[in-house]
Amino acid sequence: MGKSFILVAVDGGAASGKSSTSKILSERLKLLYVNTGSHYRSLTWAVLQAGIQPDDDASVSSYLETIPIGTIVEGREARITLESKVLGDEIRSEAVNNAVSIVAAIPEVRQFLLKHQRGYADLAKESGFEGLIMEGRDIGSIIFPDANFRFFMFADEAERARRRELEGQVDSIQKRDQLDKQRKTAPLTCPDGAIKIDTTHLTLEKVAQKMQDIVQSGNNMANEPHKS
Ligand code: C5P
């Protein structure tokens, strides 16, 4: 019998170490990797380009219906496309950093992306991957609550700010986290039963190894509840 398909959900605040470690794990375990922050960022960029205010829920929602979105697999990563194009560095601009959490709080935006994001499990199977690793804020709580493994990452504020600075990014991570935690629909939270990893003092390699050991041992038991 072939190996069974594994679904790995990774959540956490900005710069908590989700993307880099999820990418490493996708390589090692032959999983399709999906960064859902880039979905919200791409839509936010399109909204700003269209001259729509990010807090104008009605205009953002009706504009969304006009944007054709799709997916493209590049190596081990699946990316969202807008009008058949993958967006680049523009989605990491200061303007997008400042607006993304406002757009991501709109329930219709989340509903729109929920359907899209759940579709990546079939895409991973059809494309011959051994599983899917998806990272974001609500993957283990809303998108794939039945994932085989659900991780929740966190790190000290100062360390997270240092990481962004090293990347040369102007990013108010504290403000984004606050908005992401406070929104009514699918807030950033440590899902019940998720495995928590404090990445403050760990290298990316150490975190990835820890996740790999857990997945390979099949021990998906959660540790103590996260307090934040
Ligand atoms: O992961 P990243 O920091 O690029 O995410 C950008 C923003 O997208 C987050 O601050 C959050 O507002 C939104 N987001 C979300 N749900 C996800 C992923 C990202 O609300 N699953």
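Description of the structure in this document. If you're wondering where the values come from, they're calculated on a predicted model, not measured in any experiment.

### Quick notes on the pairing of strand E6 (residues 149-154)
The two faces of the sheet receive side chains in turn, since in a regular strand these alternate between them. Across the 6 residues that make up E6, a large majority, 5, are buried. Note: strand E1 (residues 6-12) against E6, 5 bridges, orientation parallel. Bridging across to E6, Asp 11 finds its partner in Phe 152. As paired strands, E6 and strand E7 (residues 195-198) are joined by 4 bridges and run parallel to one another. Looking at E7, one finds that Phe 152 is bridged to Lys 196.

### As for the packing of aromatic side chains
For the coordinates displayed, the defined rule picks out 0 aromatic pairs. Geometry around Phe 5 places Lys 125 over its ring, the cationic atom sitting 5.0 Å from the centre.

### As for helix H2 (residues 37-49)
In an α-helix, one turn spans 3.6 residues; hence positions three or four apart end up facing the same way. With 13 residues, H2 should cover 18 Å at 1.5 Å per step; its first-to-last C-alpha distance of 18 Å lies within 8% of that length. Taken as a whole, H2 has its buried residues at Ser 38, His 39, Tyr 40, Arg 41, Ser 42, Leu 43, Thr 44, Ala 46 and Val 47.

### A short note on the packing of helix H7 (residues 157-166) against helix H8 (residues 173-182)
Relative orientation of the contacting elements H7 and H8 amounts to 120 degrees, with a least axis distance of 10 Å. By the angle class used here, H7 and H8 are oblique. Here H7 contributes Glu 157, Arg 160, Ala 161 and Arg 164 to the contact with H8, which in turn contributes Ile 173, Gln 174, Arg 176 and Asp 177. For the contact of H7 with H8, the per-class residue count stands at 2 nonpolar, 1 polar and 5 charged.

### Some points on the pattern of salt bridges
Per the stated rule, a full pass over the model turns up 12 salt bridges. In this structure, Arg 162 engages Glu 159 in a salt bridge whose closest nitrogen and oxygen atoms are separated by 3.0 Å. Taken together, the residues Arg 162 and Glu 159, both in helix H7 and 3 residues apart, mark about one turn of the helix. Assessed through its relative accessible area of 45%, Arg 162 is described here as partly exposed. The buried category is assigned to Glu 159, whose relative accessible area is 16%. In this structure, the salt-bridge partner of Arg 163 is Glu 159, at a minimum N-O distance of 3.0 Å. One end of the pair is Arg 163 and the other is Glu 159, both in helix H7 and 4 residues apart, which spans about a single turn. The structure contains a network of salt bridges with shared partners spanning Glu 74, Glu 77 and Arg 79.

What counts, and where the lines are drawn
- Residues numbered from 1 in each chain as written.
- Predicted model: local features only at pLDDT ≥ 70, side-chain atom pairs only at ≥ 80, totals over all residues.
- Heavy atoms only, no water.
- Buried < 20%, exposed > 50% of the residue type's maximum accessible area, 1.4 Å probe, protein only.
- Helix = DSSP H or I, 4+ residues; strand = E, 2+ residues; numbered from the N terminus.
- Pairing = 2+ DSSP bridges.
- Phe/Tyr/Trp six-rings, centres within 6.5 Å; stacked < 30°, edge-to-face > 60°.
- Lys NZ or Arg CZ within 6 Å of the ring centre and 35° of its normal.
- Expected span 1.5 Å × (residues − 1).
- Axes fitted to C-alpha atoms, helices over the stretch in contact; angles between N-to-C directions.
- Parallel < 35°, antiparallel > 145°, perpendicular 65-115°, else oblique.
- Contact = heavy atoms within 4.5 Å.
- Nonpolar A, V, L, I, M, F, W, Y, C, P; charged D, E, K, R; others polar.
- Salt bridge = Lys/Arg side-chain N within 4 Å of Asp/Glu carboxyl O.

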